[in-house]
Amino acid sequence: MTPLNADLHCHSTVSDGLLAPTEVVRRAVNNGVELLALTDHDELGGLAAARAEADAQDLRFLDGVEISVSWGDQTIHIVGLDVDPSDATLSAGLANVRSGRDARAQRIGEELERIGIHGALEGAQAYAGNPALVSRAHFARFMVATGVARDTASVFEHYLTPGKPGYVEHVWATLDEAVGWIHAAGGVAVIAHPGRYRLPEAEMTRFYDHFRDLGGEGIEVVSGAHSPSQVRDYARIARRYGFAASRASDFHGVGESPVDLGRASALPPDLEPIWLRFL
(Lines give C-alpha, C1' and ligand atoms only; values in the text may rest on other atoms or scores of the structure.)
Protein backbone atom coordinates (compact mmCIF):
# COMPACT_ATOMS: atom_id res chain seq x y z
CA MET A 1 0.00 0.00 0.00
CA THR A 2 1.34 3.47 -0.91
CA PRO A 3 1.70 5.64 2.23
CA LEU A 4 -0.71 8.56 2.47
CA ASN A 5 0.93 11.93 1.90
CA ALA A 6 -0.35 13.48 5.12
CA ASP A 7 1.03 16.75 6.50
CA LEU A 8 -0.46 17.39 9.92
CA HIS A 9 1.36 20.48 11.18
CA CYS A 10 1.86 23.76 9.30
CA HIS A 11 1.31 27.48 9.73
CA SER A 12 -0.21 30.45 7.95
CA THR A 13 -0.09 34.23 8.32
CA VAL A 14 -2.73 33.89 11.03
CA SER A 15 0.19 32.93 13.30
CA ASP A 16 3.81 32.97 12.13
CA GLY A 17 3.64 31.49 8.64
CA LEU A 18 4.45 33.40 5.47
CA LEU A 19 1.46 32.28 3.36
CA ALA A 20 -2.22 33.04 3.83
CA PRO A 21 -4.39 30.04 4.77
CA THR A 22 -5.71 29.65 1.22
CA GLU A 23 -2.18 29.82 -0.18
CA VAL A 24 -1.04 27.12 2.25
CA VAL A 25 -3.78 24.84 0.94
CA ARG A 26 -2.93 25.55 -2.70
CA ARG A 27 0.75 24.86 -2.11
CA ALA A 28 -0.13 21.62 -0.34
CA VAL A 29 -2.24 20.51 -3.29
CA ASN A 30 0.52 21.39 -5.74
CA ASN A 31 2.95 19.33 -3.65
CA GLY A 32 0.72 16.28 -3.69
CA VAL A 33 -0.55 16.44 -0.10
CA GLU A 34 -3.58 14.19 0.40
CA LEU A 35 -4.50 15.12 3.98
CA LEU A 36 -3.62 18.50 5.49
CA ALA A 37 -4.02 20.05 8.94
CA LEU A 38 -3.49 23.76 9.46
CA THR A 39 -2.18 24.22 13.02
CA ASP A 40 -1.54 27.87 13.72
CA HIS A 41 -0.13 28.82 17.11
CA ASP A 42 -2.88 29.31 19.70
CA GLU A 43 -5.24 30.51 16.97
CA LEU A 44 -8.20 29.14 15.00
CA GLY A 45 -8.80 32.16 12.78
CA GLY A 46 -7.42 30.72 9.55
CA LEU A 47 -9.35 27.46 9.57
CA ALA A 48 -12.57 28.55 7.85
CA ALA A 49 -10.74 29.98 4.84
CA ALA A 50 -8.38 27.02 4.65
CA ARG A 51 -11.23 24.52 4.82
CA ALA A 52 -13.22 26.34 2.12
CA GLU A 53 -10.19 26.28 -0.18
CA ALA A 54 -9.51 22.63 0.65
CA ASP A 55 -13.10 21.75 -0.23
CA ALA A 56 -12.76 23.62 -3.52
CA GLN A 57 -9.52 21.75 -4.25
CA ASP A 58 -10.94 18.36 -3.16
CA LEU A 59 -8.26 18.07 -0.45
CA ARG A 60 -9.03 16.24 2.77
CA PHE A 61 -8.55 18.72 5.59
CA LEU A 62 -8.40 18.66 9.39
CA ASP A 63 -9.03 21.65 11.62
CA GLY A 64 -6.01 21.96 13.88
CA VAL A 65 -4.15 24.15 16.36
CA GLU A 66 -0.74 24.21 18.06
CA ILE A 67 -0.99 25.14 21.73
CA SER A 68 1.88 26.67 23.70
CA VAL A 69 2.48 24.84 26.98
CA SER A 70 4.78 25.62 29.89
CA TRP A 71 6.59 22.58 31.29
CA GLY A 72 9.06 23.60 33.96
CA ASP A 73 11.16 26.32 32.39
CA GLN A 74 10.55 25.07 28.85
CA THR A 75 7.89 25.82 26.25
CA ILE A 76 6.47 22.67 24.70
CA HIS A 77 3.90 22.57 21.90
CA ILE A 78 0.88 20.30 21.70
CA VAL A 79 -0.95 19.94 18.40
CA GLY A 80 -4.70 19.39 18.40
CA LEU A 81 -6.04 17.59 15.33
CA ASP A 82 -9.64 17.37 14.12
CA VAL A 83 -10.83 19.90 16.67
CA ASP A 84 -14.16 21.70 16.50
CA PRO A 85 -13.24 25.38 15.97
CA SER A 86 -16.57 26.48 17.43
CA ASP A 87 -16.01 24.75 20.77
CA ALA A 88 -16.33 27.29 23.56
CA THR A 89 -13.84 25.63 25.91
CA LEU A 90 -11.07 25.53 23.30
CA SER A 91 -11.80 29.06 22.07
CA ALA A 92 -11.75 30.54 25.56
CA GLY A 93 -8.55 28.73 26.49
CA LEU A 94 -6.75 29.93 23.37
CA ALA A 95 -7.96 33.49 23.90
CA ASN A 96 -6.39 33.41 27.34
CA VAL A 97 -3.09 32.12 25.92
CA ARG A 98 -3.08 34.81 23.23
CA SER A 99 -3.68 37.53 25.79
CA GLY A 100 -0.25 36.79 27.21
CA ARG A 101 1.46 37.09 23.83
CA ASP A 102 0.96 40.87 23.65
CA ALA A 103 2.76 41.39 26.94
CA ARG A 104 5.58 39.07 25.90
CA ALA A 105 6.05 40.87 22.58
CA GLN A 106 6.24 44.20 24.39
CA ARG A 107 8.91 42.85 26.73
CA ILE A 108 10.93 41.31 23.89
CA GLY A 109 10.92 44.68 22.17
CA GLU A 110 12.15 46.33 25.35
CA GLU A 111 14.94 43.79 25.83
CA LEU A 112 16.14 44.20 22.25
CA GLU A 113 15.96 48.00 22.59
CA ARG A 114 18.22 47.70 25.63
CA ILE A 115 20.98 46.13 23.54
CA GLY A 116 20.67 48.64 20.73
CA ILE A 117 18.18 46.98 18.38
CA HIS A 118 15.72 49.82 17.97
CA GLY A 119 12.12 49.65 16.79
CA ALA A 120 11.97 45.86 17.06
CA LEU A 121 8.40 45.70 18.34
CA GLU A 122 7.07 47.93 15.60
CA GLY A 123 9.17 46.03 13.08
CA ALA A 124 7.84 42.69 14.25
CA GLN A 125 4.27 43.98 14.13
CA ALA A 126 4.79 44.96 10.50
CA TYR A 127 5.60 41.32 9.69
CA ALA A 128 2.62 39.90 11.57
CA GLY A 129 -0.37 39.03 9.43
CA ASN A 130 -2.41 38.81 12.63
CA PRO A 131 -1.78 41.86 14.86
CA ALA A 132 -3.09 39.91 17.85
CA LEU A 133 -0.33 37.34 17.52
CA VAL A 134 3.19 38.74 17.34
CA SER A 135 5.69 35.91 17.78
CA ARG A 136 9.44 35.48 18.01
CA ALA A 137 9.43 34.57 14.31
CA HIS A 138 8.17 38.05 13.45
CA PHE A 139 10.98 39.63 15.47
CA ALA A 140 13.42 37.33 13.68
CA ARG A 141 12.18 38.38 10.23
CA PHE A 142 12.54 42.05 11.16
CA MET A 143 16.07 41.47 12.43
CA VAL A 144 17.09 39.67 9.25
CA ALA A 145 15.57 42.43 7.09
CA THR A 146 17.49 45.11 9.01
CA GLY A 147 20.80 43.25 8.83
CA VAL A 148 21.10 42.23 12.47
CA ALA A 149 21.50 38.59 11.44
CA ARG A 150 21.87 36.62 8.21
CA ASP A 151 18.84 34.38 8.72
CA THR A 152 16.07 33.64 11.19
CA ALA A 153 17.86 30.61 12.62
CA SER A 154 20.76 32.88 13.61
CA VAL A 155 18.38 35.32 15.30
CA PHE A 156 16.95 32.55 17.45
CA GLU A 157 20.41 31.18 18.23
CA HIS A 158 21.86 34.51 19.34
CA TYR A 159 18.90 36.52 20.63
CA LEU A 160 15.61 34.71 21.22
CA THR A 161 16.33 31.48 23.10
CA PRO A 162 16.84 31.00 26.85
CA GLY A 163 19.93 32.80 28.13
CA LYS A 164 20.08 35.18 25.15
CA PRO A 165 19.46 38.94 25.43
CA GLY A 166 16.06 39.05 23.70
CA TYR A 167 14.55 36.01 25.36
CA VAL A 168 11.60 36.62 27.66
CA GLU A 169 10.19 33.87 29.85
CA HIS A 170 6.46 33.43 29.74
CA VAL A 171 3.93 31.14 31.37
CA TRP A 172 1.66 29.51 28.80
CA ALA A 173 -1.07 26.89 29.28
CA THR A 174 -0.45 23.86 31.45
CA LEU A 175 -0.24 20.47 29.78
CA ASP A 176 -3.45 19.44 31.56
CA GLU A 177 -5.24 22.49 30.17
CA ALA A 178 -4.02 22.06 26.59
CA VAL A 179 -4.93 18.38 26.38
CA GLY A 180 -8.25 19.09 28.10
CA TRP A 181 -9.15 21.84 25.63
CA ILE A 182 -8.31 19.62 22.66
CA HIS A 183 -10.39 16.75 23.99
CA ALA A 184 -13.29 19.08 24.85
CA ALA A 185 -13.29 20.12 21.18
CA GLY A 186 -13.42 16.49 20.05
CA GLY A 187 -9.82 16.43 18.84
CA VAL A 188 -6.76 14.30 19.46
CA ALA A 189 -3.62 15.58 21.17
CA VAL A 190 -0.16 15.16 19.63
CA ILE A 191 3.27 16.10 20.97
CA ALA A 192 4.81 18.45 18.41
CA HIS A 193 8.45 18.09 17.25
CA PRO A 194 9.85 16.48 20.43
CA GLY A 195 13.38 16.72 19.05
CA ARG A 196 13.36 20.47 19.64
CA TYR A 197 13.02 20.29 23.41
CA ARG A 198 16.14 20.59 25.54
CA LEU A 199 15.11 18.61 28.58
CA PRO A 200 17.04 15.87 30.40
CA GLU A 201 15.94 12.36 29.52
CA ALA A 202 14.38 11.81 32.95
CA GLU A 203 12.28 14.95 32.59
CA MET A 204 11.14 13.98 29.07
CA THR A 205 10.13 10.60 30.47
CA ARG A 206 8.08 12.34 33.14
CA PHE A 207 6.49 14.47 30.42
CA TYR A 208 5.61 11.46 28.25
CA ASP A 209 4.17 9.66 31.27
CA HIS A 210 1.96 12.61 32.18
CA PHE A 211 0.84 13.16 28.58
CA ARG A 212 -0.15 9.50 28.31
CA ASP A 213 -1.97 9.63 31.66
CA LEU A 214 -3.98 12.62 30.42
CA GLY A 215 -5.11 10.59 27.41
CA GLY A 216 -2.70 12.14 24.91
CA GLU A 217 -2.86 10.12 21.72
CA GLY A 218 0.09 10.87 19.48
CA ILE A 219 3.62 12.09 18.85
CA GLU A 220 5.25 13.64 15.81
CA VAL A 221 7.73 10.96 14.89
CA VAL A 222 8.48 12.66 11.58
CA SER A 223 8.86 16.44 11.65
CA GLY A 224 10.69 18.97 9.55
CA ALA A 225 12.87 19.55 12.62
CA HIS A 226 13.89 15.89 13.03
CA SER A 227 17.02 14.16 11.78
CA PRO A 228 16.87 10.49 10.70
CA SER A 229 18.29 9.42 14.06
CA GLN A 230 15.61 11.43 15.87
CA VAL A 231 12.93 9.77 13.75
CA ARG A 232 14.25 6.43 15.03
CA ASP A 233 14.31 7.74 18.61
CA TYR A 234 10.70 8.95 18.54
CA ALA A 235 9.52 5.83 16.77
CA ARG A 236 10.82 3.96 19.83
CA ILE A 237 8.93 6.36 22.10
CA ALA A 238 5.73 5.80 20.10
CA ARG A 239 6.10 2.04 20.45
CA ARG A 240 6.91 2.23 24.17
CA TYR A 241 3.92 4.41 25.07
CA GLY A 242 1.46 3.17 22.47
CA PHE A 243 1.26 6.61 20.85
CA ALA A 244 0.01 6.92 17.29
CA ALA A 245 2.61 8.48 14.99
CA SER A 246 2.18 11.77 13.18
CA ARG A 247 4.02 13.10 10.14
CA ALA A 248 4.48 16.82 9.57
CA SER A 249 6.58 19.41 7.80
CA ASP A 250 5.97 22.20 10.37
CA PHE A 251 6.04 24.40 7.27
CA HIS A 252 6.16 28.16 7.85
CA GLY A 253 7.38 29.38 4.47
CA VAL A 254 9.79 28.93 1.61
CA GLY A 255 13.29 29.92 2.68
CA GLU A 256 12.54 29.50 6.38
CA SER A 257 11.44 25.88 6.69
CA PRO A 258 13.81 22.99 6.03
CA VAL A 259 10.98 20.82 4.70
CA ASP A 260 8.25 21.91 2.29
CA LEU A 261 4.60 20.92 2.59
CA GLY A 262 4.14 17.23 1.91
CA ARG A 263 7.88 16.57 1.61
CA ALA A 264 8.62 15.09 5.04
CA SER A 265 9.99 11.56 5.13
CA ALA A 266 7.71 8.55 5.50
CA LEU A 267 6.78 7.09 8.87
CA PRO A 268 8.40 3.82 9.93
CA PRO A 269 6.00 1.21 8.53
CA ASP A 270 5.24 -0.61 11.79
CA LEU A 271 3.79 2.45 13.53
CA GLU A 272 0.09 3.35 13.67
CA PRO A 273 -0.38 6.52 11.57
CA ILE A 274 -2.53 8.92 13.53
CA TRP A 275 -4.52 9.80 10.43
CA LEU A 276 -6.19 6.40 10.48
CA ARG A 277 -8.33 7.90 13.25
CA PHE A 278 -9.74 10.48 10.85
CA LEU A 279 -10.31 8.54 7.62
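So, about the overall build of the protein. On a plain count of helices and strands, the protein comes out with nine helices and seven strands. For 279 residues, the compact-globule estimate of 2.2 N^0.38 gives 19 Å, and the protein sits close to it at 18 Å. Expressed along its principal axes, the backbone C-alpha trace of the protein runs to roughly 55 × 45 × 40 Å. Relative to its 279 residues, the protein shows a buried fraction of 56%. Counting only contacts in the protein whose residues sit at least 6 apart along the sequence, the fraction spanning at least 24 positions is 72%. Per element, the accessible surface of the protein, about 11800 Å² overall, is 49% carbon and sulfur. In the protein, 24 side chains carry a positive charge and 38 a negative one; their mean positions are 5 Å apart.

This next bit is on the pairing of strand 4 (residues 74-81). With seven of eight residues buried, strand 4 lies mostly within the body of the structure. Both strand 3 (residues 60-71) and strand 4 contribute to a ladder of eight bridges, which runs antiparallel. Residue pairing across strands places Val-65 opposite Gly-80, the latter belonging to strand 4. In this structure, the hairpin formed by strand 3 and strand 4 is closed by a connection of two residues, where Gly-72 is found at a positive phi of approximately 65°. Note: strand 4 against strand 5 (residues 188-191), four bridges, orientation antiparallel. Opposite Ile-78, over in strand 5, you have Ile-191 as the bridge partner.

Buried residues dominate helix 5 (residues 136-145), accounting for seven of its 10 residues. Every buried residue of helix 5 is accounted for by Ala-137, His-138, Phe-139, Ala-140, Arg-141, Phe-142 and Met-143. Among the structural elements, helix 3 (88-114), helix 4 (120-127) and helix 6 (152-160) are those in contact with the buried residues of helix 5. Its side-chain oxygen 3.2 Å from the backbone nitrogen of Ala-137, Ser-135 forms the N-cap of helix 5. Positioned one or two residues after helix 5, Gly-147 has a phi angle of 85°, which is positive.

Attention shifts here to the sheet that holds strand 1 (residues 6-7). In space, the seven strands of this open sheet follow the order 1-2-3-4-5-6-7, with mixed pairing throughout. Edge positions in the open sheet fall to strand 1 and strand 7 (244-247), since each of these has one partner strand only. Each of strand 2 (35-38) and strand 3 is contacted by helix 2 (residues 47-57), which is oriented at about 150° to strand 3, the strand it contacts most.

Okay, the pattern of salt bridges next. Side chains bearing opposite charge may pair, as long as their charged atoms lie close to each other. A full pass over the atoms with the stated rule returns 15 salt bridges. One salt bridge in this structure joins Asp-260 and Arg-27, with 2.8 Å as the shortest N-O distance. On the criterion of sequence distance, the pair formed by Asp-260 in the segment after strand 7 and Arg-27 in helix 1 (residues 21-30) is long-range, its members being 233 residues apart. The class of Asp-260 is buried, set by a relative accessible area of 19%. Measuring nitrogen to oxygen at the nearest pair gives 2.4 Å for the salt bridge that ties Arg-236 to Asp-233. Residue Arg-236 and its partner Asp-233 are both found in helix 9 (residues 228-241); the two are separated by three residues, about one turn of the helix. Overall, the relative accessible area of 32% leaves Asp-233 in the partly exposed class. Because the salt bridges share partners, they merge into one network encompassing Asp-209, Arg-212 and Asp-213.

Before going further, it helps to examine the packing of aromatic side chains. Tallied over the entire structure, the rule returns six aromatic pairs. Ring centres 6.3 Å apart and planes at 15° place the aromatic pair Phe-207 and Phe-211 in the stacked group. One end of the pair is Phe-207 and the other is Phe-211, both in helix 8 (residues 201-213) and four residues apart, which spans about a single turn. Exposure remark for Phe-211: the relative accessible area of 0% places this residue in the buried category. These aromatic residues form a ring-pair network of at least three members: Trp-71, Phe-207, Tyr-208, Phe-211, Tyr-241 and Phe-243.

Scoring rules and cut-offs
Residues numbered from 1 in each chain as written. Predicted model: local features only at pLDDT ≥ 70, side-chain atom pairs only at ≥ 80, totals over all residues. Heavy atoms only, no water. Helix = DSSP H or I, 4+ residues; strand = E, 2+ residues; numbered from the N terminus. Rg over C-alpha atoms; globule rule 2.2 N^0.38 Å. Buried < 20%, exposed > 50% of the residue type's maximum accessible area, 1.4 Å probe, protein only. Contact = heavy atoms within 4.5 Å. Areas by Shrake-Rupley, 256 points an atom, 1.4 Å probe, with all protein chains shown as cover. Lys, Arg positive; Asp, Glu negative; His and termini not counted. Charge placed at Lys NZ, Arg CZ, Asp CG, Glu CD. Pairing = 2+ DSSP bridges. Polar contact = N/O pair within 3.5 Å; in protein donor to acceptor, adjacent residues only side chain to side chain. Axes fitted to C-alpha atoms, helices over the stretch in contact; angles between N-to-C directions. Salt bridge = Lys/Arg side-chain N within 4 Å of Asp/Glu carboxyl O. Phe/Tyr/Trp six-rings, centres within 6.5 Å; stacked < 30°, edge-to-face > 60°.

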